[in-house]
Amino acid sequence: MNNNIKALKSGVWYTIASFATKSIGFITTPIFTRILTHEEFGLYNNYTSWLSILTIFVTLNLESTFISARYDYENRFDSYIFSSLVLSTLSAAFWFILLNFGNFFERISGVDKKYINCMVVYLIFLPAINMFQARERYYFKYKMSVLISTVVSVGTALLSVVLVVFFENKLSGRILGSAIPTVFIGIIIYIYIWKQGKRVNLDDWKYALPICVPYIPHLLSLTILNSMDRIMITNICGSEENALYSLAYTCGSMITILIGSMNSAFAPWLGEMLSENKLKEIQVVSKKYISAFFYLAIGIMLFAPEILLLFGGKSYMEAIYVMTPVSMGCVCQFLYTLFVNVEQFKKKTIGMACASITAAVINFILNWIFIPKFGYLAAAYTTLVGYLCLLLIHMFLVKRIKLNNVYSYKFVREVVILGIAAMVIIKLLYSLAILRYIFIGLYGGTFIIILRNSSEIKGYFNRKKRGGF
């Protein structure tokens, strides 16, 4: 099958499956908030916060090297994957020893030692799943990967509910329920990768580490950028204001679920096109890709009052004005991810780390200045500025490596300008209900038109298959 058709087909399935499985977290949250006490729910969220930080250090995010290794090690890609998995396991072993040496981490994190060890065991086998799914994506296969995602996510949700209900220590039930399915599936996949790769090559480690190690401060800075606003709101304004902001932020950034899902399908196709120097094709498809995401973000802005009312009720409606800048920030986040893909392909990860650190520092300074003056609403705009800075820096970095013709810079600028204008207009419409409903009607009309013309992308790939363009 033509690779463009395979890329489209696998991309659609990856996006649908990833979006569906990640949405399970939204669906099950109300269940756990009713079963767990406030203290238990808070401790679990503290556990997941530290897990997200440890994941960066323990796993080394080695699958991020696959976008280039897929071509540099084309004849022995499975061997490279196994070498990467073993390296990740050694990293986990190192962290297991370090975290069990004394009780320093237990004191600063507020996480019991038994749950810390649960984290590390989970992180031994999580890379096996991630690497296998990355491998499948780069071969444009989707069936097994979609099945694994479904089994892990559904299994995690169901087992967590069962263990929380029947365990006397409900926090243990919640944590074990979130870890066991990943460990079980991870063991099976680990053995499969071992059989496929057969041996470890130390040269693979020398190849991977210079790429992924600079990626660690990049991911860590992004984690800080995503959480700094809520930490500072709590310290400056109080927990009640943070609750208002956090729910509105979650609702406004619902579309970020799609970013990882869509990028996991887009990145392998992009890598293949870059390796074949088919830059014109990338521009054609990326414009449609960007337009689709931008259209969805506008929808989140337009329907913000209804979304916030559904998730939080009337008591949260005063936070409605957080959602427009947050949604626009998601657009900038999506756009800079496209440029990050190019930097990863060219193994230019040091610049990525510098960009993320710069954006995190800018975000911290702006929060420190404006949150005391304007309250939690200021944090939404400082976050938008942080993501906009990231986009501009990554555009510069890609231009610096002379690949600024991969995407249309003019089109990206137009999307950002149009998005900011839409953000301002839609924000004004929240107090003009009738006019907002008229815009929603127009939005719905364009959606129908888009559906009627949805065969355009398929026609593009079919023309490519016949040798068109």
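Structure's up top.
The following refers to the structure shown. Keep in mind it's a predicted model, so treat the numbers as computed, not measured.

Rules behind the numbers
- Here the residue numbering is sequential within each chain, running from 1 through the sequence in written order.
- Side-chain atom pairs in this predicted model are given and counted only at pLDDT of 80 or more, local residue features only at pLDDT of at least 70, and totals for whole chains, interfaces and linings cover all residues.
- As a rule here, side-chain values come from all non-hydrogen atoms in the structure, and water together with hydrogens is ignored.
- The nonpolar core is taken to be a set of buried Ala, Val, Leu, Ile, Met, Phe, Trp, Tyr and Cys residues, with the residues joined through side-chain atoms within 4.5 Å.
- Exposed residues in this analysis have more than 50% of their type's maximum accessible area, buried residues have under 20%, and partly exposed residues fall in between, with area computed by a 1.4 Å probe over protein chains only.
- Numbering of helices and strands starts at the N terminus; helices are DSSP runs of H or I of at least 4 residues and strands are runs of E of at least 2.
- Pairs of residues are marked as contacts when any of their non-hydrogen atoms sit within 4.5 Å.
- Counted as salt bridges are all cases of a side-chain nitrogen of Lys or Arg within 4 Å of a carboxyl oxygen of Asp or Glu.
- Lines are fitted to the C-alpha atoms to define the axes, a helix being fitted only along its stretch in contact, and any angle between axes, read from their N-to-C directions, falls within 0 to 180 degrees.
- Small angles under 35 degrees read as roughly parallel and large ones over 145 as roughly antiparallel, with 65 to 115 read as roughly perpendicular and the rest as oblique.
- Crossing handedness is read from the near helix: turned anticlockwise from the far helix by less than a right angle, it gives a left-handed crossing, and turned clockwise, a right-handed one.
- Here the term charged refers only to Asp, Glu, Lys and Arg, the term nonpolar to Ala, Val, Leu, Ile, Met, Phe, Trp, Tyr, Cys and Pro, and the term polar to all other amino acids, Gly among them.

**Side note on the nonpolar core**
- Ranked by size, the top nonpolar core spans 114 residues in total, and within it Ile 282, Met 323, Leu 335, Val 406 and Tyr 407 carry the most contacts.
- Considering each element in turn, this core owes the most residues, 14 residues, to helix α15 (residues 323-345).
- With residues near it in sequence (within four places) discarded, Val 406 still touches Leu 270, Leu 274, Leu 279, Ile 282, Gln 283 and Val 342.

**Let's talk about the pattern of salt bridges**
- Throughout the structure, instances matching the rule amount to seven salt bridges.
- In this structure, Arg 76 engages Asp 204 in a salt bridge whose closest nitrogen and oxygen atoms are separated by 2.7 Å. With a gap of 128 residues between them, Arg 76 in the loop between α3 (66-72) and α4 (77-99) and Asp 204 in helix α9 (residues 202-212) connect regions that are remote in the sequence.
- The shortest N-O distance in the salt bridge between Lys 278 and Glu 276 comes to 2.9 Å.
- Residue Glu 276 is classed as partly exposed on the basis of its relative accessible area, which comes to 37%.
- What emerges from the salt-bridge pattern is a single network uniting Asp 78, Arg 135 and Glu 136.

**With respect to unusual backbone geometry**
- Of note, the phi angle at Asn 61 is positive, near 50°, even though the residue is not glycine.
- Summarising the element assignment, Asn 61 is placed in the loop between α2 (38-59) and α3.
- The exposure class assigned to Asn 61 is buried, which follows from its relative accessible area of 15%.
- Unlike most non-glycine residues, Asn 277 shows phi in positive territory, near 60°.
- Here Asn 277 shows up in the loop between α12 (256-275) and α13 (279-302).

**Looking at the packing of α13 against α15**
- With their axes 9 Å apart at the nearest point, α13 and α15 run at an angle of 165° to one another. With respect to α15, the element α13 is oriented roughly antiparallel. Relative to α15, α13 is oriented so that their crossing is right-handed. Between α13 and α15, the residues in contact are Tyr 289, Ile 290, Phe 293, Phe 294, Ala 297, Ile 300 and Met 301 and Met 323, Thr 324, Ser 327, Met 328, Cys 330, Val 331, Phe 334, Leu 335 and Leu 338, respectively.
- Split into classes, the residues belonging to the contact of α13 with α15 amount to 14 nonpolar, two polar and no charged.

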